[in-house]
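Okay, here's what each chain looks like letter by letter:
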Amino acid sequence: MRARVSLILGCVLCVALTAGAQVIEEFQFFPVVARTAGAGDPPTQWVTDLTVHNVEDSEVQVGVQFFPAGRATPLQEPEHNSFILAPRETKTFEDVLSDMFGYTTDVMGSLMLQGEDGEILATTRTYNVGSPEGTYGQTIPWNWLVANSHETPSIVVGARNDSRFRSNLGIVNFSEEAVTMRYRILNSANEVVAEGSRDLDMFSMNQWSFSGGRGLGVGKVDGPLTAEVSFDEGSVSPVPCLEPPESNYFIAYVSKVDGNPEGTGDAEFIYGAPVDTCD
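This report concerns the structure included in the present document. (Residues numbered from 1 in each chain as written. Predicted model: local features only at pLDDT ≥ 70, side-chain atom pairs only at ≥ 80, totals over all residues. Heavy atoms only, no water.)

Comments concerning the overall build of the chain
- Helix and strand counts for the chain stand at two helices and 17 strands.
- A total of 279 residues make up the chain; the buried ones form 51% of that total.
- The contacts in the chain between residues at least 6 apart in sequence include a share of 75% that link residues at least 24 apart. (Helix = DSSP H or I, 4+ residues; strand = E, 2+ residues; numbered from the N terminus. Buried < 20%, exposed > 50% of the residue type's maximum accessible area, 1.4 Å probe, protein only. Contact = heavy atoms within 4.5 Å.)

So, the sheet that holds strand S10 (residues 165-173)
- Here four strands make up an open sheet; going across it, the order is S13-S10-S15-S16 and the pairing antiparallel. Of all strands in the sheet, those with a lone pairing partner are strand S13 (204-209) and strand S16 (267-271), marking the two edges. In this sheet, adjacent strand axes meet at a mean angle of 20° when their direction is disregarded.
- Judged from the five bridges that link them, strand S15 (residues 250-258) and S16 form a sheet pairing that is antiparallel. Its bridge partner being in S16, Val-254 is matched across the sheet by Ile-270. (Pairing = 2+ DSSP bridges. Axes fitted to C-alpha atoms, helices over the stretch in contact; angles between N-to-C directions.)

Some thoughts on the pattern of salt bridges
- Applying the stated rule across the entire model yields seven salt bridges.
- Of the charged contacts, one joins Asp-95 and Arg-35 as a salt bridge, the two residues approaching to 2.7 Å between their closest N and O atoms. Placement of the pair is Asp-95 in the loop between strand S5 (90-93) and helix H2 (96-99) and Arg-35 in strand S1 (residues 27-37), with a sequence separation of 60 residues.
- By relative accessible area, Asp-95 is classed as buried at 12%.
- Residue class for Arg-35 comes out partly exposed when judged on its relative accessible area of 22%.
- The salt bridge involving Asp-57 is made with Arg-88; its shortest N-O contact spans 3.0 Å. (Salt bridge = Lys/Arg side-chain N within 4 Å of Asp/Glu carboxyl O.)

Looking at the state of the cysteines
- This model, assessed by the stated rule, comprises one disulfide.
- Disulfide pairing is shown between Cys-241 and Cys-278; the S-S distance is 2.0 Å. Handedness of the Cys-241-Cys-278 disulfide follows from its S-S torsion of about -85°: it is left-handed. In this pair, Cys-241 is assigned in the loop between strand S14 (221-231) and S15 and Cys-278 in the segment after strand S17 (273-274), connecting sequence segments 37 residues apart.
- Residue class for Cys-241 comes out partly exposed when judged on its relative accessible area of 32%.
- Taking relative accessible area as the criterion, Cys-278 reaches 17% and is therefore assigned buried. (Disulfide = S-S within 2.5 Å.)

A few points about the nonpolar core
- In this structure, Phe-29, Leu-50 and Leu-113 are the most contacted members of the largest nonpolar core, which totals 43 residues.
- One finds Ala-159, Leu-169, Phe-210 and Val-254 within the second-largest nonpolar core, a separate group that totals 24 residues. (Core = buried A, V, L, I, M, F, W, Y, C linked by side-chain atoms within 4.5 Å.)

Thoughts on the packing of aromatic side chains
- According to the stated counting rule, one finds 10 aromatic pairs in the structure shown.
- Here the aromatic rings of Phe-231 and Phe-250 are separated by 4.9 Å at their centres, their planes lie at 80°, and the arrangement is edge-to-face. Residue Phe-231 is found in strand S14, and its partner Phe-250 is found in strand S15; the two are separated by 19 residues along the sequence.
- Accessibility expressed as a relative area gives 4% for Phe-231, which makes it buried.
- The class for Phe-250 is buried, based on a relative accessible area of 0%.
- When the ring of Phe-269 is compared with that of Tyr-271, the centres are 4.8 Å apart and the planes differ by 90°; the resulting orientation is edge-to-face.
- Residue class for Tyr-271 comes out buried when judged on its relative accessible area of 16%.
- Taken together, Phe-27, Phe-29, Phe-67, Phe-174 and Phe-203 form an aromatic cluster joined through their ring pairs.
- Above the plane of the ring of Phe-165 lies Lys-256, whose end atom (NZ or CZ) is 5.3 Å from the centre. (Phe/Tyr/Trp six-rings, centres within 6.5 Å; stacked < 30°, edge-to-face > 60°. Lys NZ or Arg CZ within 6 Å of the ring centre and 35° of its normal.)

Digging into the side chain of His-150
- Within the secondary structure, His-150 sits in the loop between strand S8 (136-140) and strand S9 (154-161).
- Accessibility expressed as a relative area gives 15% for His-150, which makes it buried.
- In this structure the side chain of His-150 is engaged in a polar contact, spanning 3.4 Å, whose partner is the backbone oxygen of Asp-276.
- With residues near it in sequence (within four places) discarded, His-150 still touches Phe-231, Val-236, Pro-240, Cys-241, Asp-276, Thr-277 and Cys-278. (Polar contact = N/O pair within 3.5 Å; in protein donor to acceptor, adjacent residues only side chain to side chain.)

Here you go:
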């Protein structure tokens, strides 16, 4: 199974590095899905929907695996949790972590889809249902352009942590071993306002508030913020860009939310851009 998944991931990586944000392939990966309460006034309540389309003229079985935040999760057989799409059918799971996995408590993580003997197209939306004004959220497309296996950082531009907006930094470890990640948060004058490291288990993700008790140590800062995320030197693979999991990969992102604390709870998802890519 591992060799099969590795081959799929490697082929996907090669294709996606020259393609756009949405790609029709057997494999789809989303760095963060959630069913969790957040901050803000009124408090935010986040859920994720998943929409999947079968592009084939024949039935396709779609295997799904959830990788909970902060937990090592080995790769599973695609059939371990799956559903069937009829020819050209589209399905939406409005609260995927509840509908498909039965979660009722606060949880977040990454989601992987694999079409068995057929290609699919999928997207997710993570949105706040806690506002009486309606839902506000962020579409999170699948995009392997952002996968980084080098010692050079991924850079996220557009974060804010001030009287209007709050931000969170997320990192996905798409590697078959635990890794240590380094981060730096820079203000508009390129001054470091916070830096440190975080450990991630194999095939896992986590997300941290820029500020707060368990956050990254960023106070309220006027103006835009930039995040730099990179492997610790001990976590970089000797040969980058081999097919996963032969090389370690990570994905970095920022989720910026309107409301610190008062606001709409509207969120923006921003991928980190690797300085070096595997093209």
